[in-house]
Amino acid sequence: VRNAAALLGEMGVEHADENLIPLLQHADERIRIAVARALMRLRTVKAMQALHAVIDDRQPEVRRLAAAAFGLTGANAG
């Protein structure tokens with residue numbers, strides 16, 4: 001799942017956002033991180049809304065990616 005998310009992000013498959021977004025709630029933090037990275041690359045409206053929703057994720061890297069998507073790199077999100 002992680003590899004598929006990464007590949008979809010790298011390829012810019014914008015319509016994949018609908019399938020990736022629910023994975024931001026996955027129990028495995030590695031999957032949430034990969035999905036956040038992919039959504040950050042896709043930058044669709046839905047992707048950005050989903051990243052905004054996980055700015056307080058329990059995993060620091062997911063929070064960092066969500067903040068970075070909005071130009072808040074270095075911000076203490078969460």
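Rules of the game
Residues numbered from 1 in each chain as written. Predicted model: local features only at pLDDT ≥ 70, side-chain atom pairs only at ≥ 80, totals over all residues. Heavy atoms only, no water. Helix = DSSP H or I, 4+ residues; strand = E, 2+ residues; numbered from the N terminus. Rg over C-alpha atoms; globule rule 2.2 N^0.38 Å. Buried < 20%, exposed > 50% of the residue type's maximum accessible area, 1.4 Å probe, protein only. Contact = heavy atoms within 4.5 Å. Areas by Shrake-Rupley, 256 points an atom, 1.4 Å probe, with all protein chains shown as cover. Expected span 1.5 Å × (residues − 1). pLDDT = per-residue confidence, 0-100.

### Some remarks on the overall build of the protein chain
- Each helix and strand counted, the protein chain has five helices and zero strands in total.
- Listing every helix and strand of the protein chain by position from the N terminus yields α-α-α-α-α.
- Taking 2.2 N^0.38 as the reference for a compact globule, 78 residues should give roughly 12 Å; the C-alpha atoms of the protein chain span a radius of gyration of 11 Å, in line with that estimate.
- Looking at the protein chain residue by residue over its 78 residues, the buried ones come to 41%.
- Sequence separation of 24 or more characterises 51% of the internal contacts of the protein chain that already satisfy a separation of 6 or more.
- Carbon and sulfur atoms make up 52% of the accessible area of the protein chain, which totals about 4700 Å².

### Observations concerning helix 3 (residues 29-42)
- Compared with the 20 Å implied by 1.5 Å per residue over 14 residues, the 20 Å span of helix 3 between its first and last C-alpha is a close match.
- Looking only at helix 3, the buried set comprises Ile 31, Arg 32, Ile 33, Ala 34, Val 35, Ala 36, Ala 38, Leu 39 and Leu 42.
- Structurally, helix 3 contributes buried residues whose contacts are with helix 1 (2-11), helix 2 (17-20), helix 4 (45-53) and helix 5 (60-69).
- Two residues or fewer past helix 3, Arg 43 is found with a positive phi of approximately 55 degrees.

### Some remarks on the environment of Ala 66
- Relative to the helices and strands, Ala 66 is located in helix 5.
- Excluding residues within four positions of it along the chain, Ala 66 makes contact with Leu 51, Val 54 and Ile 55.

### Remarks on the confidence of the model for the protein chain
- For the protein chain, the mean per-residue pLDDT works out to 91, and 91% of the residues sit at or above 70.
- In this model, residues 74-78 is a region of pLDDT below 50 whose contacts with residues beyond four sequence positions or in other chains number six contacts.

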